Amino acid sequence: FNTLDLLRIMKEKMTKEIIVVKVGVHKFFSTLFYIPSAKKLPAIFITPVLGSNFLLETFLAKRLARSGFVVFITSFMPPSGTFAEMITNIGIHDEAYEHSIRGIKELVDMAKSLDFVDETKLILFGMSLGGIFTSLHCCLQKDFKAAVIVAGGGGNDVILSKSE
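The text that follows walks through the structure, step by step, so that each part is easy to find. (Residues numbered from 1 in each chain as written. Predicted model: local features only at pLDDT ≥ 70, side-chain atom pairs only at ≥ 80, totals over all residues. Heavy atoms only, no water.)

Moving on to a nonpolar patch on the surface. Together, Ile18, Val20 and Phe29 make up an exposed nonpolar region whose accessible area comes to about 290 Å². For Phe29, the location among the structural elements is in strand 2 (residues 26-34). Judged by relative accessible area, Phe29 falls into the partly exposed class, the value being 42%. (Patch = residues over 30% accessible without salt bridge, like charges linked within 9 Å, V, L, I, M, F, W, Y side chains within 5 Å. Areas by Shrake-Rupley, 256 points an atom, 1.4 Å probe, with all protein chains shown as cover. Salt bridge = Lys/Arg side-chain N within 4 Å of Asp/Glu carboxyl O. Helix = DSSP H or I, 4+ residues; strand = E, 2+ residues; numbered from the N terminus. Buried < 20%, exposed > 50% of the residue type's maximum accessible area, 1.4 Å probe, protein only.)

Listed below in C-alpha cells is the structure:
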C-alpha cells in the first residue's frame, strides 16, 4: 500500500462482525475486523492472552485492518470450565487446547471461503498462552504462510515436545 491507499483506508468504515463456527457440539467464537475491499486481502488470526479482556487484541486488530488486513481475534475458552479453572485443572487445559485447534481449523476453512480473503496469505499471531497455541497450530496446520509468537509462555518447550 502507498500513502494514498492508507489515507483512503483510514477514512473508510471498518466492519466488525462476530463469527461463530461449530466445533463438534460446541461453538467457537471469533471477532472479525476488516475494511471492505474489491481485492483479496491477507488474513491474520490473533490467538489471545489467557483471560484477556481483549483490549490489546482489539487495538492490534483495528490497526492491522486499517493497514489492509482481514483480522480474526479467536477465543480458546474451553467448552466447560472457566479461565481460573483452566490454570489449575489440566483436564480443562487440555480441553481448551483441543477446542482451540479444532476451532482455528474450522475458522480458517470458513475464512478461505470469503471472497475478500487471500487464502494464500494467512498469518497466525499469538501472545502468551496464545503464543503456545500458535506454536501448536503451526505444527498441525499447513495453511499459514507466517506466524508471530510473542512471549510464548513458560514451559513452551515442554508443552510442544509432549503434545500429541
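Let's pick the thread back up.
Below, the discussion takes up the pattern of salt bridges. Any two side chains of opposite charge can pair, so long as their charged atoms come close to each other. Following the criterion strictly, the structure yields two salt bridges and no others. Between Lys105 and Asp109 there is a salt bridge, and its shortest N-O distance comes to 3.2 Å. You can see Lys105 and its partner Asp109 sitting in helix 4 (residues 90-112), four residues apart, about one turn around the helix. Under the relative-accessibility criterion, Lys105 is labelled partly exposed at 36%. Measuring nitrogen to oxygen at the nearest pair gives 3.0 Å for the salt bridge that ties Asp143 to Lys112. Of the two residues, Asp143 sits in the loop between helix 5 (129-140) and strand 6 (146-150) while Lys112 sits in helix 4, which places them 31 residues apart along the sequence.

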